Amino acid sequence: AVNSDYARDITDICKQQGYSAMLIDERDREYMLNEVLDLYKLANFFRTLNVAEIRMAIICQPQYLEKIRYFEKKTHDRGMKIKFFLDSDSAKRWLLYAPVPYMQRTINVAVAVIQRKDGYILFTERPAGKACAGEWEFPGGKVEAGETPREALNREIEEELAIHITQARPWITLPHNYPHASVLLHFFIVTDWTGTEHGREGQQLSWQKLSELTISPLLAANAPVIRALQLPDIYAISCISEIGEEEFLHRLAGRVESGLKLLQLREKSLSNCQLHRLVDQILPITVPAGVNLLINSDMPFQQQKRFSGLHLTSRHLMMLDHRPEFDTVAASCHNKEELQQAVELGVDFAVLSPVMKTLSHPEATPLGINKMAEIITDCPIPVYALGGMTIDQLDEIQSHGAHGIAMLRNAWL
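Numbers given for residues are sequential positions, taken from 1 along each chain in its written order. Residue-level local features of this predicted model are given only where pLDDT is at least 70; pairs of side-chain atoms are given and counted only at 80 or more, and the full residue set underlies all totals for whole chains, interfaces and linings. Side-chain measures were taken over the full set of non-hydrogen atoms in the model, leaving aside hydrogen atoms and water.

## Brief notes about the overall build of the chain
Runs of E in the DSSP output that reach at least two residues are strands. Runs of H or I that reach at least four are helices, and both are numbered from the N terminus. A tally of helices and strands in the chain yields 16 helices and 17 strands. Counting across all 413 residues of the chain, residues that qualify as buried make up 45%. By definition, residues are in contact when any of their heavy atoms lie within 4.5 Å. A fraction of 63% describes how many contacts in the chain between residues 6 or more apart in sequence connect residues 24 or more apart. Here the Shrake-Rupley method, with its probe set to 1.4 Å, supplies the accessible areas, and only the displayed protein chains count as covering residues. As presented, the chain carries roughly 21,400 Å² of accessible surface, and 51% of it is formed by carbon and sulfur atoms. Throughout this description, buried means an accessible area under 20% of the type-specific maximum (1.4 Å probe, protein chains only), exposed means over 50%, and partly exposed covers the range between.

Structural data, given as structure tokens:
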């Protein structure tokens with residue numbers, strides 16, 4: 001509220017009732033409106049709180065009302081309620097006396113990402129009579145009492161689609177708040193099944209290429225899932241200091257031709273001038289092929305600006321309180337605490353290491369596959385396993401919940 005008698009009155013009342021309120025100077029009004037109305041950041045933060053409802057009243061002068069009224073609907077779509085008022089009495093009544101909904105319990109849901117060999121993914125349309133009817137989603141359903149998510153997955157998919165799952169692996173676990181329920185979505189990647197799929201509940205089915213979706217609207221929880229699913233199984237890390245620049249560029253061209261799509265440039269021993277020249281040679285190879293190229297955060301800032309992706313070292317990860325402004329952000333993690341920080345920072349994926357013994361850090365005690373699986377259980381972002389990884393280990397690593405493997409030396413053999 002802008003500093004005034006009525007604003008001081010309402011903020012005092014709010015604070016007495018346990019609300020958070022602040023006064024701002026007239027000259028700061030435009031800045032504060034922009035900050036308050038950064039709804040994406042605000043909503044992401046609110047979703048981490050275990051509360052029944054987020055409610056915010058903003059008192060504004062008449063000339064601002066039409067300009068900002070449309071934010072009310074947008075906030076409702078993001079799991080919170082913001083309303084704008086011209087007077088403190090109306091704001092007070094809404095804040096203090098409107099009924100607050102009861103705390104919704106979290107519903108566990110098993111979700112299937114059913115993937116054909118050509119990469120297409122199966123979506124289903126929610127039938128009439130259900131919440132969010134007409135929206136498209138990944139198939140699945142509620143985990144019943146006494147069931148594991150994996151058991152629920154088998155049952156729900158047979159009931160919905162008339163197919164029997166023969167091969168599935170755990171993936172991410174994503175919380176989401178809908179107006180009608182709070183859910184914890186246990187995702188599984190399904191790659192093999194028997195039977196022919198059809199909608200037993202009358203729902204429409206559609207096989208889709210994730211990069212070229214033709215269905216709409218999608219269920220709200222799907223957006224981060226679709227982005228994460230488009231990450232490849234292999235994350236390659238450069239090792240020019242070991243094999244030499246000329247040989248690396250030769251091998252890079254070959255790997256890109258074979259389908260490499262995700263690469264981290266990690267050459268901390270090179271000078272800024274050397275790195276600049278190297279990047280000039282790498283970009284013509286990677287950009288035309290659509291390779292997502294990330295630069296390590298330990299490398300010079302002047303070079304970082306030339307990349308759309310940033311890979312945070314664990315040291316830099318733990319120092320930050322907001323996500324860096326890159327299209328893709330990844331982070332190195334070595335334990336549960338660092339992985340949680342990566343989640344809270346909103347990175348796109350994490351790399352957990354060392355899973356096995358590695359030449360890069362021979363003194364480090366490897367986590368082992370079982371410990372890796374324990375750390376990434378219920379993680380809402382994709383995690384790559386790093387440390388002694390080979391392509392032959394991909395299936396085993398993924399069967400324990402990892403998205404894929406990251407490789408340094410073995411990526412270039």
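## Side note on the sheet that holds strand β9 (residues 205-208)
The three strands lie next to each other as β5-β4-β9, forming an open sheet whose pairing is antiparallel. The strands lining the two open edges of the sheet, one partner per strand, are β5 (136-137) and β9. Two elements, strand β4 (residues 121-125) and β5, share two bridges in a ladder whose sense is antiparallel. Bridging from a neighbouring strand, Glu125 pairs with Trp136 of β5. Whether two strands pair depends on DSSP finding at least two bridges between them.

## Some details on the confidence of the model for the chain
The predicted coordinates ought not to be read in detail in places where the model reports low pLDDT. Summary statistics for the chain give a mean pLDDT of 84 and a share of 74% for residues scoring 70 or more. pLDDT: the predictor's confidence for each residue, scored from 0 to 100. pLDDT under 50 marks residues 99-103. Its contacts with residues more than four places away, or in other chains, come to eight contacts.

## Describing the side chain of Thr313
Following the sequence through the fold, Thr313 ends up in the loop between β13 (309-312) and α13 (314-319). Aside from chain neighbours lying at most four places away, what touches Thr313 is Lys268, Asn296, Ser297, Asp298 and Ser332.

## Observations regarding helix α11 (residues 272-286)
In a regular helix each residue adds 1.5 Å, so 15 residues correspond to 21 Å; α11 covers 20 Å between its end C-alpha atoms and thus fits that length. For α11, the set of buried residues is Leu275, Leu278, Val279, Ile282 and Thr286. If you follow the buried residues of α11, they end up packed against α9 (240-243), α10 (245-257), β11 (262-265), β12 (292-296) and α12 (301-304). Expected span of a helix, by definition, is 1.5 Å for each gap between consecutive residues, and there is one gap fewer than residues.

## What to know about the sheet that holds β11
Ordered by their spatial adjacency, eight strands build a closed barrel running β10-β11-β12-β13-β14-β15-β16-β17, and the pairing between neighbours is parallel. Neighbour-to-neighbour, the strand axes of the sheet open up by a mean angle of 25°, direction not taken into account. A fitted line through C-alpha atoms represents every axis, and for helices the fit uses only the stretch in contact; the resulting angles, taken between N-to-C directions, go from 0 to 180 degrees. Most of the contacts of α11 go to β11, to which it runs at about 180°, and overall it touches β11 and β12. Relative to strand β14 (residues 328-333), helix α14 (residues 336-345) is tilted by about 165°, and along the sheet it contacts β13, β14, β15 (349-352) and β16 (383-386).

## Regarding the pairing of strand β3 (residues 106-114)
Inspection of the sheet shows β3 paired to strand β8 (residues 182-194) by nine bridges, in the parallel sense. Each residue of the ladder has a partner; that of Thr106, found in β8, is Ser182.

## A look at α14
Inspection of α14 places Glu338, Leu339, Gln341, Ala342 and Leu345 among the buried residues, and these make up the whole buried set. All buried residues of α14 fall inside an arc of 155° around its axis, so they share one side. Residues of α14 that are exposed and angled more than 90 degrees away from the buried face: Glu337 and Glu344. On its buried face, α14 sits against β13, α13, β14, β15, α15 (369-376) and β16. The backbone nitrogen of Glu337 lies 3.2 Å from a side-chain oxygen of the residue at the head of α14, namely Asn335. Immediately downstream of α14, the backbone of Gly346 shows phi near 85°, a positive value. Read the arc as the range of directions from the helix axis to the C-beta atoms. N or O atoms within 3.5 Å of each other form a polar contact, as long as, within protein, one can give a hydrogen and the other can take it, and as long as residues adjacent in sequence are counted only when both atoms are side-chain atoms.

## Digging into the environment of Phe349
The topology assignment puts Phe349 in strand β15. In the structure, Phe349 is positioned 38 residues away from His311 in sequence and 9.5 Å away in space, judged by C-alpha atoms. Ignoring anything within four residues of it in the chain, the contact list for Phe349 reads Leu231, Tyr235, Leu262, Leu294, Thr328, Val329, Ala330, Ala331, Ile381, Pro382 and Tyr384.

## Here we look at the side chain of His176
With respect to the helices and strands, the residue His176 is situated in strand β7 (residues 164-177). Here His176 falls in the buried class, since its relative accessible area comes to 11%.

## Some words on the nonpolar core
Counting residues in each nonpolar core, the largest one holds 62 residues, and the members touching the most others are Phe349, Met372, Ile397 and Trp412. Ignoring sequence-local partners within four residues, the contact set of Trp412 consists of Ala236, Ile237, Ser238, Cys239, Ile243, Phe248, Arg251, Leu252, Arg255, Leu260 and Leu263. Joining through side-chain atoms within 4.5 Å is the link that ties buried Ala, Val, Leu, Ile, Met, Phe, Trp, Tyr and Cys residues into a set, and such a set is a nonpolar core.

## Points about unusual backbone geometry
The peptide bond linking Ser216 to Pro217 adopts the cis configuration, its omega dihedral lying at -5°. Along the chain, Pro217 turns up in the loop between β9 and α8 (222-229). Residues other than glycine seldom take positive phi values, yet Ala162 does so here, at roughly 65°. One can find Ala162 in the loop between α7 (149-161) and β7.

## Quick look at the packing of α10 against α11
Any two packed helices are characterised by how steeply their axes cross, that is the angle between the axes, and by the distance between the axes. One way to put it is that α10 packs onto α11 with a least axis distance of 10 Å and a crossing angle of 15°. Of the possible angle classes, the one that applies to α10 and α11 is roughly parallel. By crossing handedness, the relation of α10 to α11 is classed as right-handed. From α10, Glu245, Phe248, Leu249, Leu252, Ala253 and Val256 reach across to α11, where they touch Arg277, Leu278, Gln281, Ile282, Ile285 and Thr286. When grouped by side-chain class, the residues that make up the contact of α10 with α11 number eight nonpolar, two polar and two charged. Oblique is the label for every angle not falling under 35 degrees (roughly parallel), over 145 degrees (roughly antiparallel), or within 65 to 115 degrees (roughly perpendicular). Handedness of a crossing is defined here by the sense of rotation of the near helix relative to the far one, left-handed for an anticlockwise turn of less than a right angle and right-handed for a clockwise turn. Throughout this entry, Asp, Glu, Lys and Arg are counted as charged residues, while Ala, Val, Leu, Ile, Met, Phe, Trp, Tyr, Cys and Pro are counted as nonpolar. The remaining residues, Gly among them, count as polar.

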